[in-house]
Amino acid sequence: MTRPLLYLDVDGPLNPFRARPEKQPDGYDTHRMMPPSWIARHGENPVRRSKPLRVWLNPEHGPKLLALAEYFELVWATMWEHDANEFIAPQIGLPELPVIEWVNTKRLGPDGTFWKTAELIEHAAGRSFAWVDDDITTHDRQYTRKHHSGAALLRFVHPAVGLTDEDFETLAAWAIAQAGVEGSAASIYMCSAEPGSSSTAAARSFDKIKRR
């Protein structure tokens, strides 16, 4: 069986940039980075005058994502694009991953969706996928139900909190369930998952992964 895709955003899920700026989040390390994409956004300033980007990363997220890689194909779905492989992956212990190269980065997509949504559905091409991002809304879930033929889990992650154990548990349980769920019924059910949903079964599933 083909593994589902797991589309990974950086800012929000991995870098909780909305957390209180005066306090580093528990479990996170502070990094100062100058990726080319960040420098390009400040092209009017000489590089020496550009302020490095503060990034908070949790080193535990890498092993947890690698555990999920038994069930998912991990893919970067972030404005960092290829910079994620150079600057983010090494800090949390991830290998080089495939990267979505965005065509359109306007703030809104069709039907009030986030600009990533339609491109991710096109990239998935009917393949089951999960997506973690801090910009997912009801519009994105509705659009996915209508335009994506496979199963999909759109998981909102609060940008002041980042990925939590509950998120990893939900992703693990959903991926395992795909082995026995096919077609549009899975898409309808899984797209309806809302922030904060969890279950005892999900926790058991992720505990199983962590013990391996």
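Scroll up a little and you will see the structure.
Model, not experiment: these values are computed from the prediction.

Turning our eyes to something else, we now look at the overall build of the protein. Assigned secondary structure in the protein consists of eight helices and six strands. In the protein, the succession of helices and strands from N to C terminus is β-β-α-β-α-β-α-α-β-α-β-α-α-α. Each of the 212 residues in the protein was classed as buried or not, and the buried ones make up 48%. As presented, the protein carries roughly 10500 Å² of accessible surface, and 51% of it is formed by carbon and sulfur atoms.

Within helix H3 (residues 83-92), seven of the ten residues are buried, leaving the element largely enclosed by the surrounding structure. Among the residues of H3, those classed as buried are Asp83, Ala84, Asn85, Phe87, Ile88, Ala89 and Ile92. Following H3 by one or two positions, glycine 93 adopts a phi angle in the positive range, close to 85°.

Looking now at the packing of aromatic side chains. Enumeration according to the criterion identifies four aromatic pairs in this entry. Seen from their ring centres, tyrosine 7 and phenylalanine 129 are 5.4 Å apart, and the 55° between their planes marks the pair as tilted. Taken together, the positions of tyrosine 7 in strand S1 (residues 5-8) and phenylalanine 129 in strand S5 (residues 129-133) put the pair 122 residues apart, joining distant regions of the chain. According to the relative accessible area criterion, tyrosine 7 is buried, its value standing at 0%. With 5.2 Å between their ring centres and 55° between their planes, phenylalanine 114 and tryptophan 115 make a pair best called tilted. An aromatic cluster is defined as three or more aromatic residues linked by ring pairs; in this entry it consists of Trp102, Phe114 and Trp115. Here the basic side chain of arginine 54 rests over the ring of tryptophan 56, its NZ or CZ set 3.7 Å away from the ring centre.

With that settled, consider the packing of helix H2 (residues 61-68) against helix H6 (residues 165-177). Here H2 crosses H6 at 10°, and the two axes come no closer than 10 Å. By the angle between their directions, the pair H2 and H6 is classed as roughly parallel. Of the residues in H6, those in contact with His61, Lys64, Leu65 and Leu68 of H2 are Asp165, Phe168, Leu171 and Ala172. Taken together, the residues that form the contact of H2 with H6 break down as five nonpolar, one polar and two charged.

Pairing is parallel across the open sheet formed by four strands, whose spatial order is S4-S1-S5-S6. Strands with a single pairing partner mark the edges of an open sheet, and in this sheet they are strand S4 (73-76) and strand S6 (152-156). Averaged over all adjacent pairs, the angle separating strand axes in this sheet is 15°, with direction ignored. Where S5 lies against S6, five bridges are found, and the strand directions are parallel. When the bridges of S6 are listed, phenylalanine 129 appears paired with alanine 152. Against the sheet, helix H5 (residues 138-147) makes contact with S5 and S6, and its axis sits at roughly 175° relative to S6, the strand it touches most. Relative to the sheet, H6 contacts S1, S5 and S6, its axis offset from that of S6 by approximately 180°.

To continue, consider the pairing of S1. Residues Leu5 and Tyr7 line one face of S1 and the alternating positions Leu6 and Leu8 line the opposite face, and both faces are buried. Pairing analysis gives four bridges linking S1 to S4, with the strands arranged parallel. Across the sheet, residue tyrosine 7 finds its bridge partner in S4, namely valine 75. Taken together, the four bridges between S1 and S5 define a ladder with parallel strand orientation. Paired with tyrosine 7 across the strands is tryptophan 131, a residue of S5.

With that settled, consider H6. With 13 residues, H6 should reach 18 Å at 1.5 Å per residue; the first-to-last C-alpha distance of 18 Å fits that figure. Residues Asp167, Phe168, Glu169, Thr170, Leu171, Ala172, Ala173, Trp174 and Ala175 constitute the buried set of H6.

Cut-offs applied
Residues numbered from 1 in each chain as written. Predicted model: local features only at pLDDT ≥ 70, side-chain atom pairs only at ≥ 80, totals over all residues. Heavy atoms only, no water. Helix = DSSP H or I, 4+ residues; strand = E, 2+ residues; numbered from the N terminus. Buried < 20%, exposed > 50% of the residue type's maximum accessible area, 1.4 Å probe, protein only. Areas by Shrake-Rupley, 256 points an atom, 1.4 Å probe, with all protein chains shown as cover. Phe/Tyr/Trp six-rings, centres within 6.5 Å; stacked < 30°, edge-to-face > 60°. Lys NZ or Arg CZ within 6 Å of the ring centre and 35° of its normal. Axes fitted to C-alpha atoms, helices over the stretch in contact; angles between N-to-C directions. Parallel < 35°, antiparallel > 145°, perpendicular 65-115°, else oblique. Contact = heavy atoms within 4.5 Å. Nonpolar A, V, L, I, M, F, W, Y, C, P; charged D, E, K, R; others polar. Pairing = 2+ DSSP bridges. Expected span 1.5 Å × (residues − 1).

Note that all results are geometric; they support no functional claim without further evidence.
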